[in-house]
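Coordinates in review
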Amino acid sequence: MLSLMLWMALHDTPRVLAASAYTFHEDSAALHLDVKSLGRSNAWADLNGDRRVDVVAVSHDQGVAVFFQTADGLFQDVTKTCGARRRLPTYGVLLVDADNDGDRDIFLVHGGFVIDPVVNASARSLFLNDGTGRFSDATLASGLAGPGRGFGAVAVDYDRDGWLDLYFTGYDAPNVLFHNKGGGVFRDVTEDAGAGAQEGREGYSTSVVVLDYDRDGWDDLFVAQRDWPDAEHPLGNSVLLHNQGDGTFVNRAPAAGVQGYGGDFVATCGDYDGDGWPDLYVATFNWAPNGVPETSDSNRLYLNRRDGTFRDATAEAGVAYIGGTMGLASGDFDNDGWVDLYLGTGGPFALQQEEQILFHNEGNVHFVPVQEEAGVSHLGRGHGAVFVDFDEDGDLDLFHSLGGFYTADLERSALYRNSGGPAHWIAVELESTHCNRDGVGAVVEVTAQDRGWQQELRAGDGFGSMPPLRAWFGLGATAAIERVTVTWPCGERQSQERPGVDGVLHIQEQSARHSGTAATVLAVAAGRLEDGAVWLAWHDPFGDERAGAYAFTVERLDGAAFQVLRGSRHPDDGGSDHRLVDADAPRDRGVCYRVFTEPGLGVALIGEVAVAAWDAPSEALSLRVYPNPFREHLQVQYTLRAPASVTLAVYSVDGRLVRHLEWGEGSAGRHVAAWDGTDMAGARVAAGVYRLSLSTGRRVVTRPIVRHR
């Protein structure tokens, strides 16, 4: 408690809730969500497709706990039956669409403070969702398996190829940037990308947040590191990895003024001054074995100067704290239009139980602590915290994972239900059609007559946690919005005029390049050939019915501009199924493609697809299919040079699993399989383009296949 007294001595501000009437009531027991554990973090998303938000809570002692929200608003523990069980000390969790198939998968970070050869043999886990909330372990097949220990991670499409990549923070172990090659298969590109936490040195990274701090359209990474400065690194170790737009990063922390003191522990991001640019709040962790913090280092608020640098506004804003901050969350809990801050505090020592802090943002860069009046002043040890409107009543509730390091520090998690108030709000959910499915990295702008707001959709925040993928805007007394504008991760902008307030707005990506009837849009299949060239295949649903020749246009998004690859006419007997090979496709980075027909033909955009960078083959692996196109039966032949774990499966062009053909250990040599055109339930699939995928864990080979009527 002494550290809190030191913090209070820095402030002479009244502890009042200002104009806000919003208060919280702790409801975890009534909602069946009072998890007693050494809690670490939590993440929220709809996992089983019922449009209700679910939660995965992870802990030091119990590993993973999965809860589905039921129709009556309660939570049901499905950990033992959902397939996503891992009894390892788990510190971070993300619920993201790793394979871009339209549902949320579970990514876990293990180890934390634990030094144990068994625990440290598995630093990460990935469980893929089948769309119904049933999960399968894809850790080995995804390329994410490996030793180490870590605290957290974020998902970010750093190269804008349409696939979510992962950044893992290692603790006394390397940080790792995993590039998604497509379909949820990852490759470590840390060294090539220059994305390590510190040149030539392993750090103690505990938190990472994504922010495009210079608004250049490429997401950057701030990595909080808990390592004191020394003669070799006198400026401390927190890192601001600036994305250079070519797949590489450079550390700009010293130049930007956010390098810290070497004791940074956790970070969060928000537009705290309302100027439309992302700011940073970075917390230190002060050990206090005797109840007295070992240093006078305070948490810091960095406001974006909009020129690539930040200024320290901690004292001005009144958000200093000298103590054991272990969790952070940003959100407008009272919907007044200003982003507030919640601090999870405490430490591993008996005397280091601290009051959790809720800073209310009153505008004009001024905050006041209101945790007692708001009803969230828990005394204990807090880690991951998330603002989430779990009951869909128009205000942000608060879930906090609680618990320390030792068995005596077991605590029950807290779910604070917000009482609500009169202010207006709007939440925005995104659905992308050619970037990553959930629009992670998109920037959402809300414009009213007298004010505007801006927020980037981020996957991961604070201490290893993740709120729902919604952009949440408190509007205060503003009862009408002029427009909502989305800048999608691939760069295009889209606006919706005069949406209503006090509700959730769902925006699906539309092409600004072409217009036309969307009712007959089909997706495009694509992949890499053995030499790295890109193949594309698409099916025209009216190809057999069209009279006369007609044109297709294929465009490749290379960098920030589209290049037309082909505008070719097909004769009357050209058929419905078409294929193109792009021999000049870049090999070293992912690319996006679009296929169009001429406007006025009833179909403008046939489809859009992203193709990952080429991974040059390290082993012989061949895959042949015949006949292609086929009607009833497709023959598949593949050859393995060495024994390997094989997965042979058919997917739809939008990434959904259609049928597993083979799954298990394969011997060296030639193998033959077949597909009869049916799905997992035995029903015959519709005519169209599909994707055959052969994975050996180290390599993935795909082929487009077309089923005729």
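Residues numbered from 1 in each chain as written. Predicted model: local features only at pLDDT ≥ 70, side-chain atom pairs only at ≥ 80, totals over all residues. Heavy atoms only, no water.

Turning to the pattern of salt bridges, a few remarks are in order. Taken as a whole and assessed by the stated rule, the structure comprises 19 salt bridges. Between aspartate 275 and arginine 306 there is a salt bridge; the shortest N-O distance is 3.7 Å. Taken together, the positions of aspartate 275 in the loop between β19 (264-270) and β20 (279-284) and arginine 306 in the loop between β21 (300-304) and β22 (310-312) put the pair 31 residues apart, joining distant regions of the chain. Close ionic contact of arginine 381 with aspartate 409 constitutes a salt bridge, the shortest N to O distance being 3.3 Å. With arginine 381 in the loop between β28 (379-380) and β29 (382-388) and aspartate 409 in the loop between β30 (397-402) and β31 (411-412), this residue pair connects regions lying 28 residues apart in the sequence. What makes arginine 381 buried here is its relative accessible area of 4%. Judged by relative accessible area, which is 10%, aspartate 409 ranks as buried. Linked by salt bridges that have partners in common, Arg51, Glu392, Glu429 and Arg470 make up one network. (Salt bridge = Lys/Arg side-chain N within 4 Å of Asp/Glu carboxyl O. Helix = DSSP H or I, 4+ residues; strand = E, 2+ residues; numbered from the N terminus. Buried < 20%, exposed > 50% of the residue type's maximum accessible area, 1.4 Å probe, protein only.)

Judged by pairing direction, the sheet is antiparallel, and its four strands sit side by side in the order β1-β32-β30-β29 without closing on themselves. Looking at which strands have only one partner, the edges of the open sheet turn out to be β1 (24-26) and β29. Between one strand axis and the next, the sheet turns by 20° as a mean value, whatever way the strands run. As paired elements, β29 and β30 share five bridges and run antiparallel to each other. Bridging from a neighbouring strand, phenylalanine 387 pairs with leucine 398 of β30. (Pairing = 2+ DSSP bridges. Axes fitted to C-alpha atoms, helices over the stretch in contact; angles between N-to-C directions.)

Note on placement: leucine 358 falls in strand β26 (residues 357-361). Distance from leucine 358 to phenylalanine 333, taken between C-alpha atoms, is 9.9 Å for residues 25 residues apart in sequence. Among all residues touching leucine 358, those that are not within four sequence positions of it are Phe24, Phe333, Leu341, Tyr342, Val368, Pro369, Val370, Gln371, Ala374, Val376 and Phe387. (Contact = heavy atoms within 4.5 Å.)

The next thing to look at is the confidence of the model for the protein. Here the protein averages 83 in pLDDT, while 82% of its residues score no lower than 70. Confidence over residues 568-575 falls short of pLDDT 50; this stretch has 17 contacts with residues more than four positions distant or in other chains. Taken as a whole, residues 599-603 scores under 50 in pLDDT and shows 10 contacts with residues more than four places along the chain or in a different chain. (pLDDT = per-residue confidence, 0-100.)

Before going further, it helps to spend a moment on the side chain of threonine 485. Assignment of secondary structure puts threonine 485 in strand β37 (residues 483-487). On the accessibility criterion, threonine 485 (5% relative accessible area) is buried. At 2.9 Å, the side chain of threonine 485 and the side chain of serine 495 are in polar contact. Apart from residues no more than four positions distant in its own chain, threonine 485 is found in contact with Val443, Val444, Glu445, Arg493, Gln494 and Ser495. (Polar contact = N/O pair within 3.5 Å; in protein donor to acceptor, adjacent residues only side chain to side chain.)

All told, the structure shown has 22 aromatic pairs when counted by the stated rule. Between the aromatic rings of phenylalanine 113 and phenylalanine 405, the centroid separation amounts to 6.2 Å while the plane-to-plane angle is 80°, which identifies the pairing as edge-to-face. Remark: phenylalanine 405 occurs in the loop between β30 and β31 and phenylalanine 113 occurs in the loop between β8 (105-110) and β9 (124-129); sequence separation between them is 292 residues. Taking relative accessible area as the criterion, phenylalanine 113 reaches 27% and is therefore assigned partly exposed. Given the relative accessible area of 28%, phenylalanine 405 is considered partly exposed. Cluster of aromatic residues (ring-pair linked, three or more members): Tyr91, Phe113, Phe151, Tyr171, Tyr204, Phe265, Phe285, Phe405 and Phe463. The ring of tryptophan 277 has arginine 215 sitting right over it, with the charged end atom 4.6 Å from the ring centre. Over the ring of tryptophan 338 we find arginine 451; its NZ or CZ atom is 4.1 Å from the centre of that ring. (Phe/Tyr/Trp six-rings, centres within 6.5 Å; stacked < 30°, edge-to-face > 60°. Lys NZ or Arg CZ within 6 Å of the ring centre and 35° of its normal.)

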